[in-house]
2 protein chains.
Amino acid sequence: MAGAEWKSLEECLEKHLPLPDLQEVKRVLYGKELRKLDLPREAFEAASREDFELQGYAFEAAEEQLRRPRIVHVGLVQNRIPLPANAPVAEQVSALHRRIKAIVEVAAMCGVNIICFQEAWTMPFAFCTREKLPWTEFAESAEDGPTTRFCQKLAKNHDMVVVSPILERDSEHGDVLWNTAVVISNSGAVLGKTRKNHIPRVGDFNESTYYMEGNLGHPVFQTQFGRIAVNICYGRHHPLNWLMYSINGAEIIFNPSATIGALSESLWPIEARNAAIANHCFTCAINRVGTEHFPNEFTSGDGKKAHQDFGYFYGSSYVAAPDSSRTPGLSRSRDGLLVAKLDLNLCQQMTGRYEMYARELAEAVKSNYSPTIVKE
Amino acid sequence: MAGAEWKSLEECLEKHLPLPDLQEVKRVLYGKELRKLDLPREAFEAASREDFELQGYAFEAAEEQLRRPRIVHVGLVQNRIPLPANAPVAEQVSALHRRIKAIVEVAAMCGVNIICFQEAWTMPFAFCTREKLPWTEFAESAEDGPTTRFCQKLAKNHDMVVVSPILERDSEHGDVLWNTAVVISNSGAVLGKTRKNHIPRVGDFNESTYYMEGNLGHPVFQTQFGRIAVNICYGRHHPLNWLMYSINGAEIIFNPSATIGALSESLWPIEARNAAIANHCFTCAINRVGTEHFPNEFTSGDGKKAHQDFGYFYGSSYVAAPDSSRTPGLSRSRDGLLVAKLDLNLCQQMTGRYEMYARELAEAVKSNYSPTIVKE
């Protein structure tokens, strides 16, 4: 299973394929070719100084008579944890705040209107350990925790909507933990929050020992730049989850994730992209980068020896469009910012037959449901 | 847009990439590497004599204590129309019967238990023309038309379940047309039929001028070799369609199709594969091959000049598994038979939260539904 040494699928194809073949391969794998964005030179210089990758692409829609193009620039951030997982909690959070602040400043130079960070971005993805302390100390209030206040400043300073996925402690409701994304308006106000609807129960994803499946349904957030939703991580395996965000009107669905090569790398180019195609919206798949080492060893329920890391987070964040085109992925090994210029006029619904499915699904979940099976 | 001259994505990657890179690319794009099947030499000889491609792959599941492996061999057939579209109807049908008989004989040598042909396999895909005659003369009774009787013989002779997608004329119900797949048991009995649930309204896919969306729901057929369903062509764009077949117990879902490069080639590696992952079943995506020329010109609703063909059917049939692995595609340009050995023990459901979605979807289809949109 490849770690950091294999940079990216795209880099490999571009290095080895002759141009005509490369074009055909890209046509089949990536759809319509996207124009590279002409991002400002100072943005590239700052990205280089701060040692992260910067890429930008534009998705274009056909011209219409009655609607003008509805242009929005989104930013996807992927990053390693800058300090080791055994550093003091407060120091880790501060280091992550500093790192993200630097990346957001570059996003602002690029005209980003909506930015989204990776899942549980203020902490190492420590749920593999099944230990409570110190990891649950990373949990914060969604409404007024230090990270939300930090993001409100960013949002207001840069006139940017910020999607901030954190580990939430809900002190208004019994102090329980949730895997939550806070959505902050470009005004700096907290627009609301949304929670992870599906929790994996596989490999080292022991999240179900920390928090439950989300109870907030499928809210969509009306921002100045378009209607957005957040489908956190494992929710991308569930087509119904994407569907309900789309039915509620989402034009862009962010998918902040933390996932590793052994389990999901061959699913990664498929799932968010299929959701964009099926639901006629943009999807933004974001994954963290690197290997995180934990102080104590743990086992993985696979009969293998105890170990101290979760595996390799392979980055590869990308944006997918309703017309089946997609950006290349960011690197598998470096922190990065992906800027995409979207024209929301590309989002258009088609024939759905939802009434039939509502009826069939309502029948299917009844305890006395008898599946439609034809026998000889 | 590439026609027949570009053979396949896989051939291109294998030709140009150094082995270590090829392995990484395949890991990301195809998941776990599949073993090639050791098919009999006489099968390869017959395929070569009849000028079609033959490939075979095995999907393996982990050993269990209480269940034995549940092995089934499926066969996917892709082909050109052997006669020009303006040949007499009866001659075209006979030529297709002969072609398919030859391929099925090779499938039998390979131990295939269930075989599926491409969408509307007894005819050119003439719906682009919007002409009624002679194309509607290709329609037959699903229960006792000449093609069903032909398939019953094949099924009985070779102890093979046959999935036969045809243009159906339902003389028991007002003589209307349907896009239908007939499922024939290995005993030779007609097990039943299923209809295309979603009809494209895009490009030259003028099928909605010939037949309506299917009215048979999501039946699953219990065969001696496993439970199968048939999601015809454009149904693969609809995650709810795959889901309902899966909820009714399908372990293998066939997706007989007729689709062209300009519209769908970048969706092709995504949709059936996502369905296998999301629904924990095998999916078999089948597409026809070649360019079909029609006697009279027609336009495409895109402002372009009238023309006489629908575009290039790019073949590339493949099988996808629940663990995100998949076979390579058959060629983009040649007739072919893809044999896959499946272990149905790979199909295992996970946490679904279907009650929540049944409730939300039932609400969402109400005429007074108010989407969950959070505003500042």
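In the block above lies the structure referred to throughout.
Anyway, here's the lowdown on the structure attached to this text. (Residues numbered from 1 in each chain as written. Chains lettered and ligands numbered in written order. Predicted model: local features only at pLDDT ≥ 70, side-chain atom pairs only at ≥ 80, totals over all residues. Heavy atoms only, no water.)

**Description of the relation of the copies chain A and chain B**
The transformation that overlays chain A on chain B combines an axial shift of 0.0 Å with a rotation of 180°, and the residual RMSD is 0.0 Å. Taken together, the rotation angle and the small translation identify this as a two-fold axis. Rotation axis and chain A: the residue whose C-alpha lies nearest the axis is Ile270 of chain A, separated from it by 2.7 Å. (Least-squares fit on C-alpha atoms with pLDDT ≥ 70 in both.)

**Topic: the sheet that holds strand β16 (residues 373-374) of chain A**
One open sheet holds the 6 strands; their spatial order is β16(A)-β8(B)-β9(B)-β10(B)-β11(B)-β14(B), and the pairing between them is mixed. The open sheet has two edge strands with one neighbour each: β16 of chain A together with β14 (318-320) of chain B. The sheet contact formed by strand β8 (residues 220-223) of chain B and strand β9 (residues 226-230) of chain B spans 3 bridges and is antiparallel. The residue of β9 of chain B that forms the bridge with Thr223 of chain B is Gly226 of chain B. Contacting β8, β9, β10 (252-256) and β11 (282-286) of chain B, helix α6 (residues 239-247) of chain B crosses the sheet at an angle of about 145° to β10 of chain B. Along the sheet, helix α8 (residues 268-279) of chain B makes contact with β10, β11 and β14 of chain B, crossing β14 of chain B at roughly 35°. (Pairing = 2+ DSSP bridges. Helix = DSSP H or I, 4+ residues; strand = E, 2+ residues; numbered from the N terminus. Contact = heavy atoms within 4.5 Å. Axes fitted to C-alpha atoms, helices over the stretch in contact; angles between N-to-C directions.)

**Considerations on the environment of Glu10 of chain B**
Residue and element names in this part refer to chain B. Mapped onto the fold, Glu10 is located in helix α1 (residues 9-16). Once residues within four sequence positions are removed from consideration, Glu10 is found in contact with Tyr30, Arg326, Pro328 and Gly329. At 2.6 Å, the side chain of Glu10 and the side chain of Tyr30 are in polar contact. (Polar contact = N/O pair within 3.5 Å; in protein donor to acceptor, adjacent residues only side chain to side chain.)

**Some points on the packing of aromatic side chains**
Per the stated rule, a full pass over the model turns up 32 aromatic pairs over all chains. Plain terms: the ring middles of Phe125 of chain B and Phe310 of chain B are 6.2 Å apart, the flat faces sit at 5° to each other, and that makes the pair stacked. Of this pair, Phe125 of chain B sits in the loop between β4 (114-116) and α5 (146-158) while Phe310 of chain B sits in strand β13 (residues 307-314); the two residues are 185 residues apart in sequence, bridging distant segments of the chain. Ring geometry for Trp135 of chain B versus Phe138 of chain B: centroids 6.4 Å apart, planes at 10°, classification stacked. The class of Trp135 of chain B is buried, set by a relative accessible area of 1%. Members of the aromatic cluster, joined through ring pairs, are Phe125, Phe127, Phe205, Tyr210, Tyr211, Phe310 and Phe313 of chain A. It is Arg288 of chain B that lies over the ring of Phe313 of chain B; its NZ or CZ is 5.7 Å from the centre. (Phe/Tyr/Trp six-rings, centres within 6.5 Å; stacked < 30°, edge-to-face > 60°. Buried < 20%, exposed > 50% of the residue type's maximum accessible area, 1.4 Å probe, protein only. Lys NZ or Arg CZ within 6 Å of the ring centre and 35° of its normal.)

**A word on the state of the cysteines**
For the structure shown, the criterion picks out 0 disulfides over all chains. Lacking any disulfide linkage, Cys12 of chain B is separated from the closest cysteine sulfur, that of Cys12 of chain A, by 11 Å. For the unlinked cysteine Cys116 of chain B, the closest cysteine sulfur is that of Cys284 of chain B, found at 7.6 Å. (Disulfide = S-S within 2.5 Å.)

**Some words on the side chain of His198 of chain B**
With respect to the secondary-structure elements, His198 of chain B resides in the loop between β7 (190-195) and β8. Residue His198 of chain B is classed as buried on the basis of its relative accessible area of 2%. A polar side-chain atom of His198 of chain B sits 2.6 Å from a polar atom in the side chain of Tyr357 of chain A. Residue contacts for His198 of chain B: discarding those within four places in its chain leaves Gly352, Arg353 and Tyr357 of chain A together with Glu213, Tyr234, Gly235, His238 and Asn241 of chain B.

**Some remarks on helix α1 (residues 9-16) of chain A**
When α1 of chain A is considered as a whole, its buried residues turn out to be Leu9, Glu10, Cys12 and Leu13 of chain A. When α1 of chain A is viewed along its axis, its buried side chains cluster within an angular range of 160° and face the same direction. In this structure, the buried side of α1 of chain A is in contact with α2 (19-30) of chain A together with α1 and α2 (19-30) of chain B. (Arc of directions from axis to C-beta.)

**As for the side chain of Asn274 of chain B**
Residue placement: Asn274 of chain B occurs in helix α8. Asn274 of chain B has contacts with Pro239, Ile270, Glu271 and Asn274 of chain A, leaving out every residue within four places of it along the chain.

**Describing the pairing of strand β10 (residues 252-256) of chain A**
Residues and elements named next belong to chain A. Within β10, 5 of the 5 residues are buried, leaving the element largely enclosed by the surrounding structure. Burial along β10 is two-sided: the residues Ile252, Phe254 and Pro256 and Ile253 and Asn255 are all buried. Where strand β9 (residues 226-230) lies against β10, 3 bridges are found, and the strand directions are parallel. Of the residues in β10, the one forming a bridge with Ile228 is Ile252. Regarding topology, helix α6 (residues 239-247) serves as the crossover connection from β9 to the parallel β10, and that connection is right-handed. (Right-handed = clockwise from strand over helix to strand, strands pointing away.)

**Overview of unusual backbone geometry**
Between Leu133 of chain A and the following residue, Pro134 of chain A, the backbone shows a cis peptide bond with an omega angle of 0°. The phi dihedral of Arg130 of chain A is positive, around 65°, even though this residue is not glycine. On the secondary structure map, Arg130 of chain A appears in the loop between β4 (114-116) and α5 (146-158). Note on Arg130 of chain A: relative accessible area 43%, which makes it partly exposed. A positive phi is found at Asp51 of chain B, a non-glycine position, where the angle reads about 60°.

**Side note on the interface of chain A and chain B**
Facing 77 residues of chain A, the contacting portion of chain B comprises 77 residues. Each partner contributes to the roughly 6900 Å² buried at the junction of chain A and chain B, and carbon and sulfur atoms together form 66% of this total. Joining chain A to chain B, the criterion identifies 2 salt bridges. In this structure, Arg27 of chain B engages Glu265 of chain A in a salt bridge whose closest nitrogen and oxygen atoms are separated by 2.9 Å. Linking chain A to chain B there are 34 residue pairs in polar contact (both at pLDDT 80 or more). Only α1, α2, β8 (220-223), α6, α8 (268-279), α9 (354-364) and β16 of chain A provide two or more residues apiece to the side of chain A that touches chain B. The residue inventory of the side of chain A that touches chain B, partitioned by class, reads 41 nonpolar, 21 polar and 15 charged. Relative to strand β16 (residues 373-374) of chain B, β8 of chain A is paired through 2 bridges, and the arrangement is parallel. Paired with Phe221 of chain A across the strands is Val374 of chain B, a residue of β16 of chain B. (Buried area = accessible area lost by both parts, 1.4 Å probe. Salt bridge = Lys/Arg side-chain N within 4 Å of Asp/Glu carboxyl O. Nonpolar A, V, L, I, M, F, W, Y, C, P; charged D, E, K, R; others polar.)

**Things to note about the sheet that holds β16 of chain B**
One open sheet accounts for 6 strands, arranged β14(A)-β11(A)-β10(A)-β9(A)-β8(A)-β16(B); its pairing is mixed. Here the strands that pair on one side only, and so sit at the sheet edges, are β14 (318-320) of chain A together with β16 of chain B. Relative to β10 of chain A, α6 of chain A is tilted by about 145°, and along the sheet it contacts β8, β9, β10 and β11 (282-286) of chain A.

**Things to note about the packing of α9 of chain A against α6 of chain B**
Put simply, α9 of chain A and α6 of chain B touch, their axes get as near as 11 Å, and they point 25° apart. The pairing of α9 of chain A with α6 of chain B is recorded here as roughly parallel in orientation. α9 of chain A and α6 of chain B meet at a crossing whose hand is left-handed. Here Tyr354, Tyr357, Glu360, Leu361 and Ala364 of chain A of α9 of chain A come into contact with α6 of chain B, specifically with Leu240, Asn241, Leu243, Met244 and Ile247 of chain B. Of the residues belonging to the contact of α9 of chain A with α6 of chain B, the class tally is 8 nonpolar, 1 polar and 1 charged. (Parallel < 35°, antiparallel > 145°, perpendicular 65-115°, else oblique. Left-handed = near helix turned anticlockwise from the far one by under 90°.)

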